[in-house]
Amino acid sequence: MPTVVVMDVSLSMTRPVSVEGSEEYQRKHLAIHGLTMLFEHMATNYKLEFTALVVFSSLWELMVPFTRDYNTLQEALSNMDDYDKTCLEAALLGVCNIVQQEWGAAIPCQVVLVTDGCLGIGRGSLRHSLATHNQRSENNRFPLPFPFPSKLYVMCMANLEELQSSDSLDCLERLIDLNNGEGQIFTIDGPLCLKNVQSMFGKLIDLAYTPFHAVLKCGHLTSDVQVFPRPEPFIIDEEIDPTPKAINTDLEIVGFIDIADISSPPVLSRHLVLPIALNKEGDELGPGITDDTEDENSANQIAGKIPNFCVLLHGSLKVEGMVAIVQLGPEWYGMLYSQADSKKKSNLMMSLFEPGPEPLPWLGKMAQLGPISDAKENPYGEDDNKSPFPLQPKNKRSYAQNVTVWIKPSGLQTDVQKILRNARKLPEKTQTFYKELNRLRKAALAFGFLDLLKGVADMLERECTLLPDTAHPDAAFQLTHAAQQLKVASTGTSEYTAYDHNITPLQTDFSGSSAERM
Amino acid sequence: MKIFAESHKTVFVVDHCPYMAESCRQHVEFDMLVKNRTQGIIPLAPISKSLWTCSVESSMEYCRIMYDIFPFKKLVNFIVSDSGAHVLNSWTQEDQNLQELMAALAAVGPPNPHADPECCSILHGLVTAVEALCKITEYQHEARTMLMENAERVGNRGRIICITNAKSDSHVRMLEECVQETIHEHNKLAANSDHLMQIQKCELVLIHTYPVGEDSLVSDRPKKELSSVLTSEVHSVRAGRHLATKLNVLVQQHFDLASTTITNIPMKEEQHANTSANYDVELLHHKEAHVDFIKSGDNHIGGNSREGTFKETVTLKWCTPRTNSVELHYCTGAYRISPVDVNSRPSSCLTNFLLNGRSVLLEQPRKSGSKVISHMLSSHGGEIFLHVLSSSRSILEDPPSISEGCGGRVTDYRITDFGEFMRENRLTPFLEPRGSLEIPLERAKDQLEKHTRYWPMIISQTTIFNMQAVVPLASVIVKEALTDEDILNCQKTIYNLVDMERKNDPLPISTVGTRGKGPKRDEQYRIMWNELETLVRAHINNSDKHQRVLECLLACRSKPPEEEERKKRGRKREEKEDKSEKSGKDYEPDKPWQESERLKGVLDREKEELAEAEIIKDSPDSPEPPNKKPLVTMDEMPPVEKAKGPMSLLSLWSNRINTANSRKHQEFIGRLNSVNNKAELYQHLKEDNGMETTENGKGSRQ
């Protein structure tokens, strides 16, 4: 989930903070202090996150485009100038554009808005934006809700009392509501000071930027891993089951499937599975932090030399062209596979299927998948030349079962032509002729289209009269028989209109000998 | 879409009254003269469909598209109405297919134009439709049972699509009122019933259809709320293809469908097989498949499709198939499709191509000329899906390579062996409930547990898995149950190993990290036997037969010298016991000799360990030979723990200290022979009673 930090650089952010007995701080400094802490945390624990920095007043500017280089972001914080008034709507619109240009509309983003709760005055102020919210056309719609899945975190450089004294808090709450409730407002607890700002940003980090640690298991083979980005809780059905489901921290492999069988399944999200080395205190050694870089390097080197199940699994998945099916929770599954970023680099990746007992119709119910050793004979064949997948659905779809649709005249004409073509090749095409004839008969009966039966009967009778002299005598018999059978069906009398009844070829006695005479 | 939204239950009520037998007055030429046919034949007169035929085939088309795209959980109940209501199917999933409906319609047949119009009414059907909506579907039942006390969360909404020929606007109003009243009454009934559900929302879609060329007596009316439960809309539509178009539009609205036109499909010409022309095929699917276009506002929506009054379609270009089945695309959604014109030649060519197992990538036509592949058509088991492929920048780009992380520097992973392991642990669907009640997936987990009890990850950690000779045993010992043949194979394997040892065949012991030649041959065999024993021991609780394999192994494996001695002694004692049974106690005098022999054995071993320590002294990286583990831990550690791979620094260190210490003193005999660090006193008393104490001694060495 990429992050956009949206920093208020209006004049009100330069308001001094009265801290007794220390040098003078502005709210801006508090904000920078908090963001520094956030960036430091990300640089060590959440390195793969892309973050962009936007500053805004009445205008907005993309200071740092999406990057994983936290030094650049850090530097930018110290290069911010002060500008005029707050104009939030324009900035949010800017965020929309930046995110969509970079990531499209499908990737969830976190927007961290840092402001002092002074929401501007006059046109462009949040108050004005909200007041005119209902009078907007499609062309200048309010940027919230964001067109991409999002969380909007508002970090206020003000405490609750201050915000409540004006209507700022209400306005900010409206903002979250407009984003479909996706987001949260953070305020400073107690007096404005560095310590309290830290604790506020600490809360944000706990909520949104703690790495997700899990244990990947395959029987007794295990590995501690970090899953990045964090898998977010998922709501299966708003109406019946409105509680969000989170994935287990035990990721249990239940078996393996060939890539061709799993066949590019739809997934909710993709995550890197990075092996980590945990020491006893639970701190990580792998892609994590140690105070001393030298220590880190040597620790990494040791960790690199200890065999890790993830690496083994990744290697074999890659070589065999398979995926591992992993259980994420009750009735929730995903798959592990090797994903190549370039020719050299590849990684263990996990994709999450939609929760539910049967996320992929072509695999059937997940709980019904069992080990091949339980099957009477190996479903993959002794030479590994077949597969039990995909599962065939009970009923065929219309395009796979030759349905009859006569809505367009061409559909009807094609079907009649087919009968006619076969009629002219009787008796060789007797079987196809009757097959097509019966198909037409069934459809005409179902649609109550008896006139058609009569019409086709007439046509077959005419064909009979047009038969060339060289025609096989059987042709005339079959045509007459078929025409007569259609005619009785077209009367609508129930004994002839049974849907399941089939017109069968007339039993004639033109044995091989007569054919030879021809 | 919620599961139990209006679209969960659709009731079709089609008028079967005498006037529906009237012609729609739209002619269909069915006798098309083929070229080169005899001149002078007058084609047969065109025929026309009745209002009934038009209504039925349009509603069947609605159902066809719905069943194609939502084969489950979207249900249709079909009712025809004349002098009474005829319900053609039920809500059950088995009844939900075109064949069933077609057969039922054929049984009803066309309306009888000579029936008494006074007895016939669409009202019978509408009343029955409301009744049907109160009936619980199997999905609703399942959800209610699952939620128990929260059963009221399960919604009951539905839609009635009524195709009739109304007389006037007031006639329409009368029908609406009737539906509203019936809902009111039936909701009262349902409130007191366990089998019925109250209708929370009902959408009434009244379609007035009339012959082409006549004036409509009923006016269109958009959706209007008649009560908190009922909304109603009126469509006045000419029969024939107009009615079909209307229902096609409705099915898209009702099920949130969208249209995609695949363009530039190369297809062989019927007449000229060597040329190909490009065709377009229009498909319907859930509109989520267009989510990227809708949200980004990047609607490069093509011109309205030919029939279209309402329809918009997104055009995607066919890419010559360059994808293969072993490529795993990042796909964010897959949606079933239904061709708009299912029987046309381009449609059936496309669907047959896909049903044969090929996939097609689809490309967004962009003005800039850059190529963006956004979708893929692919079939899975006879169903065609439109896959949405992610075309935006990945947030996971440039990740650290797996070789840079933990375990990334290790180069001798048993990749091939694990590949084999994965293939053995592939999954397969079990359709019919199996004899045992166990869930297949739990069986799969169980098997993985068994197969990984002893599974060294790297080549230098194992000897037995590098030996072809062990394969017959290793492959069957992990099984839940062994056949007699399996046991035989295991025994053969063990005998074979004994044979190898006798012949002094070399073993593939890893010498990585060790200097010199590595352990001596007999030491190699000891490592191998220990490892094999660990493997077999991990499975002895599976069955008695596994136990028998272990017994065979223990009986055959070569023992360190002192154990050889003990074995000899054991044999002697056996003989002696035989004797003693006959001739009483002439056993005692042997004891001092035995003891001295044992002491000698101990000393021998010390020497051996000294030699070992010498070899590995300078290379702490070398794999720890299994027999180097401290005596006590050897016994206490469950085999599973051993499988856990590398030793901790602590155990390396304490090993070394123990070895060093052991060199400084002679170990107490009692401790040497102890089990779990407990020595049994007065063993001979038991021996006198015929107990096997030597087993204790052996135990401590394992």
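As recorded in an unreviewed UniProt entry, chain A goes by Integrator complex subunit 14 and comes from Crocodylus porosus. Quoted verbatim from the Subcellular location (unreviewed entry) heading of the UniProt record, the comment on chain A is "Nucleus". Under the Sequence similarities (unreviewed entry) heading, UniProt states for chain A: "Belongs to the Integrator subunit 14 family."

1. Description of the overall build of chain A
For chain A, the count of helices and strands is 15 helices and 16 strands. Relative to its length of 518 residues, chain A is extended, with a C-alpha radius of gyration of 36 Å against a globular reference of 24 Å. In terms of overall dimensions, chain A has a C-alpha envelope of 120 × 65 × 40 Å along the principal axes. Looking at the 518 residues of chain A, the share that counts as buried comes to 53%. Partitioning the contacts of chain A with sequence separation of at least 6, the portion at a separation of at least 24 is 69%. For chain A, the exposed surface amounts to about 22600 Å²; the carbon and sulfur share of it is 50%. For chain A, the centre of its 44 positive side-chain charges and the centre of its 66 negative side-chain charges are spaced 10 Å apart.

2. What to know about the interface of chain B and chain A
Put simply, an interface is often sized by how much accessible area is lost when its parts join up. Facing 128 residues of chain B, the contacting portion of chain A comprises 137 residues. When chain B packs against chain A, close to 11600 Å² is buried across both sides, 63% of that on carbon and sulfur atoms. The salt bridge involving B:R393 is made with A:E102; its shortest N-O contact spans 2.2 Å. The tally of links between chain B and chain A comes to 46 residue pairs in polar contact (both at pLDDT 80 or more). Take the side of chain B that touches chain A: its biggest share by element is 10 residues, from helix 1 (residues 51–69) of chain B. Partitioned by chemical class, the residues of the side of chain B that touches chain A number 64 nonpolar, 31 polar and 33 charged. For strand 16 (residues 369–371) of chain A and strand 17 (residues 427–429) of chain B, the ladder comprises 3 bridges, and the chain directions are antiparallel. Among the inter-strand pairings, A:L369 is bridged to a residue of strand 17 of chain B, identified as B:P429.

3. With respect to the confidence of the model for chain A
Of all residues in chain A, 93% have pLDDT values of 70 or greater, and the mean over the chain is 85. In the model, residues 280–292 of chain A has pLDDT below 50 throughout and makes 27 contacts with residues more than four positions away in sequence or in other chains.

4. Re the state of the cysteines
By the definition in use, this model includes 0 disulfides over all chains. Lacking any disulfide linkage, A:C118 is separated from the closest cysteine sulfur, that of A:C156, by 10 Å.

5. Some thoughts on the packing of helix 12 (residues 484–503) of chain B against helix 13 (residues 521–537) of chain B
All names here are of chain B. At a closest axis distance of 11 Å, the pairing of helix 12 and helix 13 adopts a crossing angle of 170°. By the criterion of interaxial angle, the relationship of helix 12 to helix 13 is roughly antiparallel. The segment helix 12 lies against helix 13, with I494, L497, V498, M500 and E501 engaging Y525, M528, W529 and L532. Residues of the contact of helix 12 with helix 13, tallied by class, amount to 8 nonpolar, no polar and 1 charged.

6. Considerations on the sheet that holds strand 11 (residues 276–286) of chain B
The strands making up a sheet associate through hydrogen bonds between their backbones, and the pairing can be parallel or antiparallel. Residues and elements named next belong to chain B. Pairing is mixed in the closed barrel, where 7 strands are placed in the order 10-11-13-16-15-14-12. Strand-to-strand, the axes of this sheet are offset by a mean angle of 40°, without reference to chain direction. Where strand 13 (residues 331–339) meets strand 16 (residues 383–389), 5 bridges bridge the pair, whose relative direction is antiparallel. Across the sheet, residue A334 finds its bridge partner in strand 16, namely H387. Across the sheet, helix 1 lies against strand 10 (257–268), strand 11 and strand 13, angled at about 155° from strand 13, the strand it touches most.

7. Points about the sheet that holds strand 1 (residues 9–15) of chain B
Residues and elements named next belong to chain B. Read from one edge to the other, the open sheet built from 7 strands follows the order 5-4-1-6-7-9-8, with strand pairing classed as mixed. With partners counted over all chains shown, the strands left at the sheet margins are strand 5 (85–87) and strand 8 (221–225), one partner each. Looking at each pair of strands side by side, their axes are set apart by 20° on average, direction ignored. Summarising the sheet, strand 1 and strand 6 (residues 157–164) pair through 5 bridges and their orientation is parallel. If you follow V14 over to strand 6, its bridge partner there is I163. On the sheet, helix 1 packs against strand 1, strand 4 (75–81), strand 6 and strand 7 (201–210) and is oriented at approximately 165° with respect to strand 1.

8. What about helix 6 (residues 168–178) of chain A?
Along helix 6 of chain A, the positions that sit buried rather than exposed are A:S168, A:L169, A:C171, A:L172, A:L175, A:I176 and A:L178. Where helix 6 of chain A is buried, its residues touch helix 3 (88–103), strand 6 (109–115), helix 4 (126–131), strand 7 (150–159), helix 5 (160–165) and strand 8 (183–188) of chain A.

9. Quick look at the packing of helix 12 (residues 430–446) of chain A against helix 2 (residues 98–108) of chain B
The interhelical angle for the contact between helix 12 of chain A and helix 2 of chain B, taken along N-to-C directions, is 65°, at an axis separation of 7 Å. One way to sum up the angle between helix 12 of chain A and helix 2 of chain B is to call them roughly perpendicular. Judged by residue contacts, A:A443, A:L445 and A:A446 of helix 12 of chain A engage B:M102, B:L105 and B:A106 from helix 2 of chain B. Its residues placed into classes, the contact of helix 12 of chain A with helix 2 of chain B shows 6 nonpolar, no polar and no charged.

10. Digging into the packing of aromatic side chains
Residues and elements named next belong to chain B. Counted according to the given criterion, the structure contains 24 aromatic pairs over all chains. Seen in terms of ring centroids, F12 and Y62 are 5.0 Å apart; in terms of plane orientation they differ by 85°. Their pairing is edge-to-face. You can see F12 sitting in strand 1 and its partner Y62 sitting in helix 1, a full 50 residues away along the chain. The class for F12 is buried, based on a relative accessible area of 0%. Classification of Y62 as buried rests on a relative accessible area of 1%.

11. Thoughts on the domain arrangement of chain A
Domain boundaries in chain A define domain 1 (2–209), domain 2 (212–235 + 247–280 + 295–374) and domain 3 (409–497). Once you take the C-alpha centre of each, domain 1 of chain A and domain 3 of chain A turn out to be 76 Å apart.

Rules used throughout
Residues numbered from 1 in each chain as written. Chains lettered and ligands numbered in written order. Predicted model: local features only at pLDDT ≥ 70, side-chain atom pairs only at ≥ 80, totals over all residues. Heavy atoms only, no water. UniProt positions renumbered as here; feature names shortened; annotations may be inferred. Helix = DSSP H or I, 4+ residues; strand = E, 2+ residues; numbered from the N terminus. Rg over C-alpha atoms; globule rule 2.2 N^0.38 Å. Buried < 20%, exposed > 50% of the residue type's maximum accessible area, 1.4 Å probe, protein only. Contact = heavy atoms within 4.5 Å. Areas by Shrake-Rupley, 256 points an atom, 1.4 Å probe, with all protein chains shown as cover. Lys, Arg positive; Asp, Glu negative; His and termini not counted. Charge placed at Lys NZ, Arg CZ, Asp CG, Glu CD. Buried area = accessible area lost by both parts, 1.4 Å probe. Salt bridge = Lys/Arg side-chain N within 4 Å of Asp/Glu carboxyl O. Polar contact = N/O pair within 3.5 Å; in protein donor to acceptor, adjacent residues only side chain to side chain. Nonpolar A, V, L, I, M, F, W, Y, C, P; charged D, E, K, R; others polar. Pairing = 2+ DSSP bridges. pLDDT = per-residue confidence, 0-100. Disulfide = S-S within 2.5 Å. Axes fitted to C-alpha atoms, helices over the stretch in contact; angles between N-to-C directions. Parallel < 35°, antiparallel > 145°, perpendicular 65-115°, else oblique. Phe/Tyr/Trp six-rings, centres within 6.5 Å; stacked < 30°, edge-to-face > 60°. Domains from an automatic or database assignment.

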